Amino acid sequence: MEEIAEESHWWRAIVDGDEAAFQQIYRLHFTMLYEYGMRLAANEELVKESIQQFFVKIWTNRATLGTVKRIRPYLLVSLRGMIYNKLRDEKRRRVTSLEDDYDFELAFSPESEYIQKESADQQLLALKQAMDQLTARQKEIIFLRYFQEMEYNDIAEIMNISVKGAYKLTARSLESLREILDISMIAVLCLLKIAASR
């Protein structure tokens with residue numbers, strides 16, 4: 001509740017024209033938006049351009065912005081829409097639906113990539129290989145839930161599905177990982193926690 005109140009305060013400050021609050025929101029969320037955008041588009045120039053344009057739009061239209069209680073989901077939803085519009089408009093990729101007709105890259109941190117190269121942790125390597133076998137939406141929901149630690153109602157908003165659908169997709173994604181890895185569900189969750197912390 002305290003986090004929501006604080007985010008609402010920051011948002012009101014932006015609406016009121018507080019440039020310091022705007023810059024703070026940009027600094028706090030840029031890395032998260034960049035990582036998410038790169039998993040959606042895998043095009044650094046397009047992602048950075050989208051983030052910049054989105055923040056310019058927020059600032060120039062601040063007087064007409066509505067109330068936002070949770071900033072992170074709002075930013076992710078908006079960036080997701082902007083990137084897909086750019087992909088469609090620039091004909092970089094044929095996007096007819098946001099259901100399954102897109103790619104979503106789920107890569108680990110540079111530290112995890114190093115571990116993979118050095119074969120120091122076979123379990124994380126196996127997890128990464130299992131992740132590669134998931135659908136785009138399964139990868140995306142795993143990223144949002146376990147790597148960004150987002151709540152189901154926020155995930156549902158970002159992915160444009162119901163909360164119940166978010167729960168079901170998460171369960172199916174975890175079950176797929178469990179079957180691929182042939183380990184217990186507890187072991188899958190432990191591996192995800194380790195991977196997300198790196």
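The structure displayed is predicted, hence computed values, not measured ones.

### With respect to the overall build of the chain
Step number 1: Tallying secondary structure elements over the chain gives 10 helices and zero strands in all.
Step number 2: Along the chain, helices and strands appear, N-terminal first, in the series α-α-α-α-α-α-α-α-α-α.
Step number 3: Taking all 198 residues of the chain together, the buried fraction comes to 41%.
Step number 4: Within the chain, counting contacts between residues at least 6 apart in sequence, those at least 24 apart form 67% of the total.
Step number 5: As presented, the chain carries roughly 11,000 Å² of accessible surface, and 49% of it is formed by carbon and sulfur atoms.

### Focus on the pattern of salt bridges
Step number 1: Using the criterion set out here, one finds six salt bridges in the structure.
Step number 2: Here E44 makes a salt bridge to K48, at a shortest N to O gap of 3.1 Å. With E44 and K48 both in helix 3 (residues 44–60) and four residues apart, this pair spans about one turn of that helix.
Step number 3: Since its relative accessible area comes to 38%, E44 is described here as partly exposed.
Step number 4: Using a relative accessible area of 37% as the deciding quantity, one classes K48 as partly exposed.
Step number 5: A salt bridge links R70 to D154, with the shortest nitrogen-to-oxygen separation between them at 3.0 Å. One end of the pair, R70, is in the loop between helix 3 and helix 4 (71–89); the other, D154, is in helix 8 (residues 152–159), and 84 residues separate them in sequence.
Step number 6: Assessed through its relative accessible area of 4%, D154 is described here as buried.

### Some points on the nonpolar core
Step number 1: The biggest cluster of nonpolar side chains holds 56 residues, and the ones touching the most others in it are F55, I58, L127, I142, L144, L177 and L192.
Step number 2: If we skip the residues at most four places from it in the chain, I58 touches W11, I14, F22, L65 and L75.

### So, the environment of A196
Step number 1: Looking at the secondary structure, you find A196 in helix 10 (residues 185–197).
Step number 2: When its relative accessible area of 26% is taken as the criterion, A196 is described as partly exposed.
Step number 3: Sequence-distant contacts of A196, that is, excluding residues within four places in its chain, are made with Y146 and F147.

### Quick word on the side chain of T170
Step number 1: Mapped onto the elements, T170 comes out in helix 9 (residues 163–181).
Step number 2: Once you skip the residues sitting within four places of it in the chain, T170 turns out to touch I141, Y146 and Y152.

### Details of the packing of helix 3 against helix 4
Step number 1: Running from N to C, helix 3 and helix 4 cross one another at 120°; their axes reach a closest spacing of 10 Å. For the element pair helix 3 / helix 4, the angle class is oblique. The interaxial crossing formed by helix 3 with helix 4 has right-handed handedness. Here L46, V47, E49, S50, I51, Q53, F54, F55 and I58 of helix 3 come into contact with helix 4, specifically with Y74, L75, S78, L79, M82, I83, K86 and L87.
Step number 2: Split into classes, the residues belonging to the contact of helix 3 with helix 4 amount to 12 nonpolar, three polar and two charged.

The rules behind these values
Residues numbered from 1 in each chain as written. Predicted model: local features only at pLDDT ≥ 70, side-chain atom pairs only at ≥ 80, totals over all residues. Heavy atoms only, no water. Helix = DSSP H or I, 4+ residues; strand = E, 2+ residues; numbered from the N terminus. Buried < 20%, exposed > 50% of the residue type's maximum accessible area, 1.4 Å probe, protein only. Contact = heavy atoms within 4.5 Å. Areas by Shrake-Rupley, 256 points an atom, 1.4 Å probe, with all protein chains shown as cover. Salt bridge = Lys/Arg side-chain N within 4 Å of Asp/Glu carboxyl O. Core = buried A, V, L, I, M, F, W, Y, C linked by side-chain atoms within 4.5 Å. Axes fitted to C-alpha atoms, helices over the stretch in contact; angles between N-to-C directions. Parallel < 35°, antiparallel > 145°, perpendicular 65-115°, else oblique. Left-handed = near helix turned anticlockwise from the far one by under 90°. Nonpolar A, V, L, I, M, F, W, Y, C, P; charged D, E, K, R; others polar.

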